[in-house]
Amino acid sequence: MLRKWVTVFAGARDSYQTAIALHESGLLQNVVTDWYSPLDTKPARMISRLLPDSFRSRLAKRYSSSLPSNVVYSLPQSRLKSPVLRSDLPSWPQVGDVLGRAAGRLAHRTHAGILAYIHTATEAFKEAGLDVPKVLFQVHPHPASVKRLLLEDDFLPDTRREPLFDETVWPTDLLAKYSRECHAADLCIASSEHTKQTLVENGIDPNRVKVIPYGVDLDRFRPEPNGSVPEERFRVVFAGQMVRRKGIHYLLEAWKRVGLRDADLRLIGRGACNQAILSRYEGCFTMVGAVGINSLLDEFRSA
């Protein structure tokens, strides 16, 4: 009999594709996350119809018709504000610890393997016990390598501080904690050769790392069926968090230096923004901000 797996992550990580793949293969025991909308149940559908469109849209982002809600353990309490234990410790690691502990105990109780995303794996692996196979999804490069690369990046040094997404300002014990996760795993999944290399350079046997690149939904992300006539203006679109680790400072500097006529650089995204960088290049770009998936597809097709 094939072993089943518990997987754990915060949010709607990777649009639930890991959990869906396990479910479709008959290998999913349970998913543990902070919130999953049970829109496949009649009561939830009835309640959602009474809600404003904006709220209903948010619920829909935490649901997939390919993943039944009865296999998902939602822990919304993980998002409740925890007591501040230390002023230098951000709150998001506490969310990962709560989810990880719940997933590890579930894996231990059901004799399932555990596939944990980074920042949940420390507690998940600890609670699962020695006899449970452990897989880590290393969605970002190894934090020690990221810190080194960020410190080596000396372009616009006065814009460096980004506490939420900057390993250079993490407390020492937090960096050490997430640097150890890969060593506690029997197997690591990396989404790129670069991420694999950062694990190897931090002491992981390359044979314990499997590279599985991210895919793309070609039914949604494709040109218009009949092609599109290019506009007179040359357009470039950036979509993502506007922070140093994404290279936004290099993009803006390059755009400024090239000085193209009749050209438009459009920045799309929500969440983290390095305002120190954006304010320096004000006038060089159009800030689109957060958009829905259909608008995002239109932006891509126009670029």
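Definitions and limits used
Residues numbered from 1 in each chain as written. Predicted model: local features only at pLDDT ≥ 70, side-chain atom pairs only at ≥ 80, totals over all residues. Heavy atoms only, no water. Pairing = 2+ DSSP bridges. Helix = DSSP H or I, 4+ residues; strand = E, 2+ residues; numbered from the N terminus. Axes fitted to C-alpha atoms, helices over the stretch in contact; angles between N-to-C directions. Contact = heavy atoms within 4.5 Å. Core = buried A, V, L, I, M, F, W, Y, C linked by side-chain atoms within 4.5 Å. Buried < 20%, exposed > 50% of the residue type's maximum accessible area, 1.4 Å probe, protein only.

1. Some points on the sheet that holds strand S1 (residues 5-8)
Sheets are built from strands paired through backbone hydrogen bonds, the pairs being either parallel or antiparallel.
Then, number 1: Read across the sheet, seven strands follow the order S3-S2-S1-S4-S5-S6-S7 without closing on themselves; strand pairing throughout is parallel. Two strands in the sheet have a free side with no partner beyond their single neighbour: strand S3 (72-74) and strand S7 (209-211). If you compare each strand with its neighbour and ignore which way they point, the axes differ by 20 degrees on average.
Then, number 2: Lying over the sheet, helix H5 (residues 121-128) contacts S1, strand S4 (113-117) and strand S5 (134-138), oriented at roughly 165 degrees with respect to S4.

2. A closer look at the environment of Ala176
Then, number 1: With respect to the helices and strands, Ala176 occurs in helix H7 (residues 172-180).
Then, number 2: A sequence separation of 148 residues divides Ala176 from Leu28, and the C-alpha atoms of the two residues are 31 Å apart.

3. A closer look at the nonpolar core
Then, number 1: Judged by nonpolar contacts, the single largest core of 44 residues is most densely connected at Val32, Leu67, Ile114 and Leu136.
Then, number 2: Put simply, the parts of the chain that give this core at least two residues each are S1, helix H1 (17-24), strand S2 (28-33), helix H4 (92-110), S4, H5, S5 and strand S6 (187-190).
Then, number 3: Sort the elements by how many residues they give to this core and H4 lands first, with five residues.
Then, number 4: Leaving out residues up to four positions away in the same chain, Ile114 has contacts with Trp5, Val6, Ala103, Gly104, Ala107, Ala124, Phe125, Ala128, Val132, Pro133, Lys134 and Val135.
Then, number 5: Core analysis: the next-biggest nonpolar cluster, separate from the first, contains 14 residues, Leu252, Ala263, Leu267 and Ile277 among them.

4. Observations regarding unusual backbone geometry
Then, number 1: Phi angles above zero are rare outside glycine, and Ser15 is one such case at about 55 degrees.
Then, number 2: Here Ser15 shows up in the loop between S1 and H1.
Then, number 3: Classification of Ser15 by relative accessible area gives partly exposed; the value is 49%.
Then, number 4: Phi is positive for His111, close to 60 degrees, though the residue is something other than glycine.
Then, number 5: Within the secondary structure layout, His111 lies in the loop between H4 and S4.
Then, number 6: Here His111 falls in the exposed class, since its relative accessible area comes to 60%.

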